[in-house]
Amino acid sequence: MTQTTRDTDVLAGLREVAGQADASKVFGTPVTQDGTVLLPVAKVGTGGGGGGGTAPAGDGRAGAGTGGGFGMSAKALGVYVLRDGQVKWLPAVDVNRIVLGGQVVAVVGLLVLRAVVQARSSARKRRTGIKLTARPLRRRLGKLAALPIPARRR
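Just so it is clear, the structure is predicted and the values come from calculations on it, not from any experiment.

Calculation criteria
Residues numbered from 1 in each chain as written. Predicted model: local features only at pLDDT ≥ 70, side-chain atom pairs only at ≥ 80, totals over all residues. Heavy atoms only, no water. Helix = DSSP H or I, 4+ residues; strand = E, 2+ residues; numbered from the N terminus. Buried < 20%, exposed > 50% of the residue type's maximum accessible area, 1.4 Å probe, protein only. Contact = heavy atoms within 4.5 Å. Areas by Shrake-Rupley, 256 points an atom, 1.4 Å probe, with all protein chains shown as cover. Phe/Tyr/Trp six-rings, centres within 6.5 Å; stacked < 30°, edge-to-face > 60°. Patch = residues over 30% accessible without salt bridge, like charges linked within 9 Å, V, L, I, M, F, W, Y side chains within 5 Å. Salt bridge = Lys/Arg side-chain N within 4 Å of Asp/Glu carboxyl O. Pairing = 2+ DSSP bridges. Axes fitted to C-alpha atoms, helices over the stretch in contact; angles between N-to-C directions.

Caption draft 1: A look at the overall build of the chain. Counting secondary structure elements, the chain contains three helices and six strands. Element order for the chain, N to C, with α for helix and β for strand: α-β-β-β-β-β-β-α-α. For the chain, with 154 residues in total, the buried portion stands at 5%. Partitioning the contacts of the chain with sequence separation of at least 6, the portion at a separation of at least 24 is 45%. For the chain, the computed accessible surface area is about 13,400 Å², with 60% contributed by carbon and sulfur atoms.

Caption draft 2: Structural context of the packing of aromatic side chains. All told, the structure shown has one aromatic pair when counted by the stated rule. Pairing Y80 with W89 gives two aromatic rings, centres 4.8 Å apart and planes at 55 degrees, and the pair type is tilted. Exposure remark for Y80: the relative accessible area of 32% places this residue in the partly exposed category.

Caption draft 3: Local environment of a nonpolar patch on the surface. On the surface, F27, L77, Y80, L82, V87 and W89 cluster together into a nonpolar patch covering about 510 Å² of accessible area. Of all the elements in the fold, those that place two or more residues in the nonpolar patch are strand 5 (72-83) and strand 6 (86-91). With three residues, strand 5 is the largest single contributor of residues to the nonpolar patch. Within the fold, W89 resides in strand 6. Look at W89 and you get partly exposed, because its relative accessible area is 36%.

Caption draft 4: Summary view of the environment of G28. Mapped onto the elements, G28 comes out in the loop between helix 1 (5-19) and strand 1 (31-33). Along the primary structure G28 and V41 are separated by 13 residues, whereas in three dimensions their C-alpha atoms are 6.2 Å apart.

Caption draft 5: The arrangement of the sheet that holds strand 6 in detail. Strand order in the open sheet made by the four strands is 1-2-5-6, with antiparallel pairing throughout. Looking along the sheet, the strands with just one partner apiece sit at the ends: strand 1 and strand 6. For this sheet, the mean inter-axis angle between neighbouring strands, taken without regard to orientation, is 25 degrees. Here strand 5 pairs with strand 6 via six bridges, running antiparallel. Within the sheet, the bridge partner assigned to V79 lies in strand 6 and is L90.

Structure representation (structure tokens):
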């Protein structure tokens, strides 16, 4: 099978992307001010792809083929601070991840609270034998309605 120009272009593009994966993509350009050097650090990921095809079939159908693909992501991790011969790492804070974590904790907490309330309610029903229906509630309200209501002071 011979390679077409399109296949060669895809492979050349993938080789170019793979050749660009080096340390300069992870460490940014150092920034210097007043004797302090800041060296930004990021997490960079790249993807790739490929393609293929089929030869012409014996029953007269033409061959077919497709290909492609690519992907790239970058995320700030933090910065190295070089000052007075000391190196200090300052991580980048991802506020979205913190908020999402808080929401997950809140939902799990509410689900646990609901389960505890239901368990206590069913245990109380079993222990007292009281069925929580409208009839006992009306009796209780009736007894309360029979009590005199004190006059309001003005």
